[in-house]
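Summary of the model geometry
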Amino acid sequence: MKNKIKYAIAVFITLVIVIVSINLFQPIREQRIRGSIEILVSDSSYDYLVKCANNFMELNDKTTVKISKMDSYKQIEDAIKEPNKVNQYNIVQIDRYNFEKLDISNMQYYDEETEILNTYNKNFSKYRVNQVMHDDKVVGIPLTSRPLALYVREDMLKEYGYSREDMNTWKDVITIGKDVYEKSGGKIRIINATGQDYEDLLDLLTMQNLEKDKEIKDIKEEINNKIKELKDNNILNLEDGGAFLARISSINAIKEITAIEEPCEWSAGNVPSSEPGTNKFFAGEGDNLVVLNQGSSNSQLIEKFITYVMTSNKDTIKYVKNGYFFSSYLYTYKNKEIEEQLKNFVGKSPLIVLSNIEDKVLECEDYDKYLEVKKELRS
């Protein structure tokens, strides 16, 4: 009898220990995410973010993530000024320059953005982290970047007796451009300067002059003088459809060059430096995800979705390879797919070139000055 009692007690104690152990050591189940958010995005990243949203909702079936395509930045301005009269966008995609142009004096900033950036900041280039800081506060999460490269049509340049290695500085570009213009009978101005290519050219010259620590008016004068010099020497193609054999651009150039049907050979490399031996790693402004409207009911959803978008590299690389956008998340380029050669390109893969530039772009010490110069040049 005594043995049976002892056995029962032992079994009971063992059972209690097992139950306690299970409760102590089993992983704590994450709270199920609920809620709905709407995100306003640009055309270039719309398809990608729709893909992210659909995948996210499959994993979190109590959530609704609506992706809306942006027509103009006025939609964001209206959402800030009159949040009760327009769609309640929770997150918007916008670059820092256009963000500064909006009326943001009464805008709130959210801790989730700071926490996300602190957690993942080593997976962004320092210059991109710098671009989302405003008055020592985080105002967004980097989404896309614009590392700038010099794209050269190698087969055409070779016809005139030159190679990309000859285009090291702006002085070299002018010398070669004058010669090509003359030999082509005035048909070819070597550097394209229309649309986005012209914007990228202005950004490059702005950043190169910021390194010289000059006043804003002096920087603006230097850039205008350089543009005039390039125009006067027939270096810049300023007409849509005009002939050229090189362009300063970013990821969009890959999409456009791979779409060319006629036989051609392009390469991507570093931009011309201002002087021999000076910096050749520059980037234009990328877009950020900025939280506009967050309540207690959707704060966790916003945090989880932004994190998902950043870390969903399996899907991201597909859109990057097709030239839709260049992801700011550096881990994206650990994928060997970026080494694959692309149609109409020779030499090193342009995606390797861009990822190398993105990794080496120096942090802008006075980003507010850059924004002011950009504003002045476009006024």
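Scroll up for the structure.
Anyway, here's the lowdown on the structure attached to this text. Residue positions are given per chain, counting from 1 as you read along its sequence in written order. Local features in a predicted model are, by the rule used here, given only for residues with pLDDT of at least 70; side-chain atom pairs are given and counted only at 80 or more, and totals for whole chains, interfaces and linings are based on all residues. The side-chain numbers reported here are obtained from all heavy atoms of the structure, hydrogens and water having been left aside.

Some remarks on the nonpolar core
The following threshold applies: Residue types Ala, Val, Leu, Ile, Met, Phe, Trp, Tyr and Cys, when buried and joined through side-chain atoms within 4.5 Å, form a set referred to as a nonpolar core. We call a residue buried when its accessible area falls under 20% of the maximum for its residue type, exposed when it is over 50%, and partly exposed in between, using a 1.4 Å probe and counting protein chains only.
One finds V65, Y151 and F305 to be the most contacted residues of the largest nonpolar core, which totals 56 residues. Counting residues in hydrophobic clusters, the runner-up holds 39 residues, among them M167, L205, M207 and I227.

Section: the packing of helix α9 (residues 195-210) against helix α10 (residues 216-232)
We apply this condition: Lines fitted to the C-alpha atoms define the axes, with helices restricted to the stretch that makes contact. Angles between their N-to-C directions range from 0 to 180 degrees. Helix and strand assignments come from DSSP, with helices taken as H or I runs of at least 4 residues and strands as E runs of at least 2, each series counted from the N terminus. For classification, angles of less than 35 degrees are called roughly parallel, those exceeding 145 degrees roughly antiparallel, those between 65 and 115 degrees roughly perpendicular, and all remaining angles oblique. Two helices that cross are described as forming a left-handed crossing if the nearer one is turned anticlockwise from the farther one by less than a right angle, and a right-handed crossing if clockwise. Here, residues are in contact when the closest pair of their heavy atoms is within 4.5 Å. Here the nonpolar group is Ala, Val, Leu, Ile, Met, Phe, Trp, Tyr, Cys and Pro; Asp, Glu, Lys and Arg are the charged ones; every other residue, Gly included, is treated as polar.
With their axes 10 Å apart at the nearest point, α9 and α10 run at an angle of 130 degrees to one another. If you check the angle between α9 and α10, you find them oblique. The handedness of the crossing between α9 and α10 comes out as right-handed. Facing α9, whose interface residues are Y198, L201, L202, L205, T206, N209 and L210, α10 presents I219, E222, I223, K226 and I227. Across the contact of α9 with α10, the residue classes break down as 8 nonpolar, 2 polar and 2 charged.

Concerning the pairing of strand β7 (residues 144-147)
What counts, and what does not: Should DSSP find at least two bridges between two strands, the strands are regarded as paired.
Burial along β7 is two-sided: T144 and R146 and S145 and P147, pointing in opposite directions, are all buried. Relative to strand β15 (residues 326-327), β7 is paired through 2 bridges, and the arrangement is antiparallel. In the sheet register, T144 faces β15, and the bridge partner there is S327. Inspection of the sheet shows β7 paired to strand β13 (residues 283-284) by 2 bridges, in the antiparallel sense. Across the sheet, P147 pairs through a bridge with A283, a residue of β13.

Comments concerning the packing of aromatic side chains
Just so we agree on the cut-off: Stacked, tilted and edge-to-face are the three classes applied to pairs of Phe, Tyr and Trp rings, where Trp contributes its six-membered ring and a pair requires centres within 6.5 Å; stacked means planes under 30 degrees apart, edge-to-face means over 60, and tilted covers the rest. Each ring is checked for a lysine NZ or an arginine CZ that lies within 6 Å of its centre and within 35 degrees of its normal; such an atom marks a charge sitting over the ring.
Counting across every chain of the model gives 10 aromatic pairs. Summarising the aromatic geometry, the rings of Y151 and F345 are spaced 6.3 Å apart at their centres and angled 65 degrees between planes, so their arrangement reads as edge-to-face. On the criterion of sequence distance, the pair formed by Y151 in strand β8 (residues 149-153) and F345 in the loop between β15 and α14 (350-360) is long-range, its members being 194 residues apart. Pair check on accessibility: Y151 and F345 agree, each one buried. Note that K69 overlies the ring of Y46, its terminal NZ or CZ placed 4.6 Å from the centroid.

Points about a negative patch on the surface
Here is the rule we go by: Like charges within 9 Å and nonpolar side chains (Val, Leu, Ile, Met, Phe, Trp, Tyr) within 5 Å are joined into patches, using only residues over 30% in relative accessible area that form no salt bridge. The Shrake-Rupley method, run with a 1.4 Å probe, gives the accessible areas here. Residue values count only the displayed protein chains as cover. A carboxyl oxygen of Asp or Glu within 4 Å of a side-chain nitrogen of Lys or Arg is what we treat as a salt bridge. Note on charges: Lys and Arg go in the positive column, Asp and Glu in the negative column, and His and the chain ends are not counted at all. By convention, the charge on Lys lies at NZ, on Arg at CZ, on Asp at CG and on Glu at CD.
Judged by side-chain charge, D213, E215, E363, E365 and D366 come together as a negatively charged surface patch. Along the chain, the position of E215 falls in the loop between α9 and α10.

Topic: the packing of helix α2 (residues 43-59) against helix α13 (residues 313-321)
Closest axis-to-axis distance for the α2/α13 pair is 10 Å, and the angle between their directions is 165 degrees. The angle between the axes of α2 and α13 places the two elements in the roughly antiparallel class. At the point where α2 passes α13, the crossing takes the right-handed sense. Residue-level inspection shows D47, Y48, K51 and N55 of α2 in contact with α13, the latter providing D315, T316 and Y319. Split into classes, the residues belonging to the contact of α2 with α13 amount to 2 nonpolar, 2 polar and 3 charged.

Nothing here speaks to function; it is geometry throughout.
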